[in-house]
Amino acid sequence: MTRILLLNGPNLNLLGLREPEVYGRETLADIVNDLLSFAAERDVELSDFQSNSEGELVTAIHGARETVDGIVINPGAYTHYSIAIRDAISGVALPVVETHLSNIHAREPFRKESVLSAVCVGVVAGFGRHSYFVALDALLRHLAHEPK
Ligand code: CA2
């Protein structure tokens, strides 16, 4: 069975509760529940973790090395400056798909740069909740074509 870890970074626990005009009305729990069904239909074991702490995300990435086949991550604002998360992704040598609800290229200039994209196998951004499903589907297709 393919095992995937879904990681969500800082403030994504506020989804659906604040700024619905930017990030939508659904909570993270709503999205994760639908992703669990999506994964189960494909015989995929999906685990998930959200943290507002950079160190906890780094530790979760390290732990993933022995436990999963790939990672889907919405790193939140860490996308734009976390060299620690970048180094963790490089260090575990797992395929990682970076995903964003919003189109980071159509927002403020400081969001246009991701320090993580270069160490990820791909990036999905701008499709709201659908970004997560596209990212997970793309990761599964990647794994099917490039097995360990
Ligand atoms: O578009 C995305 O998914 C982001 O990763 C979301 C981050 C942002 O810093 C990135 O530039 C792009 C912010 C997540 C904050 O989510 C909130 C949700 C509701 C209310 C406030 C923040």
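Not measured: the values here are computed from a predicted model.

Analysis parameters
- All residue numbers here refer to positions counted from 1 along the written sequence of the relevant chain.
- Since the coordinates come from a predicted model, pLDDT governs what is reported: local features require at least 70, and pairs of side-chain atoms require 80 or more to be given and counted, while whole-chain, interface and lining totals use all residues.
- Hydrogens and water are ignored here; the side-chain numbers use all heavy atoms of the structure.
- Here an angle of 0 to 180 degrees is reported between the N-to-C directions of two axes, which are lines fitted to C-alpha atoms, with helices fitted over the stretch in contact.
- Secondary structure elements are taken from DSSP: a helix is a run of H or I of four residues or more, a strand is a run of E of two residues or more, and numbering for both begins at the N terminus.
- Here the word oblique covers every angle except those under 35 degrees (roughly parallel), over 145 (roughly antiparallel) and from 65 to 115 (roughly perpendicular).
- The contact rule is simple, with two residues in contact once any of their heavy atoms fall within 4.5 Å.
- Residues were grouped as follows: Ala, Val, Leu, Ile, Met, Phe, Trp, Tyr, Cys and Pro as nonpolar; Asp, Glu, Lys and Arg as charged; and all remaining residues, including Gly, as polar.
- Any carboxyl oxygen of Asp or Glu that lies within 4 Å of a side-chain nitrogen of Lys or Arg is treated as forming a salt bridge with it.
- When a residue's accessible area, from a 1.4 Å probe over protein chains only, is under 20% of the maximum for its type it is buried; when over 50% it is exposed; and in between it is partly exposed.
- The score called pLDDT rates the predictor's confidence residue by residue, from a low of 0 to a high of 100.
- Two strands qualify as a pair provided DSSP detects at least 2 bridges between them.

A. Representation of the packing of helix H3 (residues 54–67) against helix H4 (residues 83–92). Where H3 meets H4, the axes come as close as 9 Å, and the angle between the chain directions of the two elements is 5°. Classified by the interaxial angle, the pair formed by H3 and H4 is roughly parallel. Between H3 and H4, the residues in contact are Glu54, Leu57, Val58, Ile61, His62 and Arg65 and Ala84, Ile85, Ala88, Ile89 and Val92, respectively. Of the residues assigned to the contact of H3 with H4, the class counts are 8 nonpolar, 1 polar and 2 charged.

B. Structural view of the pattern of salt bridges. One pass over the structure, following the stated rule, counts 8 salt bridges. The shortest N-O distance in the salt bridge between Glu41 and Arg42 comes to 3.5 Å. Its relative accessible area of 64% is what places Glu41 among the exposed residues. By relative accessible area, which is 36% here, Arg42 ends up partly exposed. Put simply, Glu66 and Arg65 hold a salt bridge, and the shortest N to O gap is 3.6 Å.

C. Structural context of the confidence of the model for the protein. Within the protein, residue pLDDT values average 96, and 99% of them lie at 70 or more. Between the elements of the protein, mean pLDDT differs from a low of 85, seen in helix H1 (residues 20–23), to a high of 99, seen in strand S3 (residues 70–74).

D. Inspection of the sheet that holds strand S2 (residues 44–50) at higher detail. Pairing within the open sheet is parallel, and its 5 strands lie in the order S2-S1-S3-S4-S5. Because the sheet does not close on itself, it has two edges, and the strands there are S2 and strand S5 (122–125). The sheet shows a mean angle of 20° between the axes of neighbouring strands, direction not considered. Bridge count for strand S1 (residues 2–8) against S3 is 5 bridges, and the pairing is parallel. Considered in S3, the bridge of Leu6 is made with Val72. Here helix H6 (residues 130–145) sits on the sheet and contacts S1, S2, S3, strand S4 (96–100) and S5; the angle it forms with S1, its principal contact strand, is near 145°.

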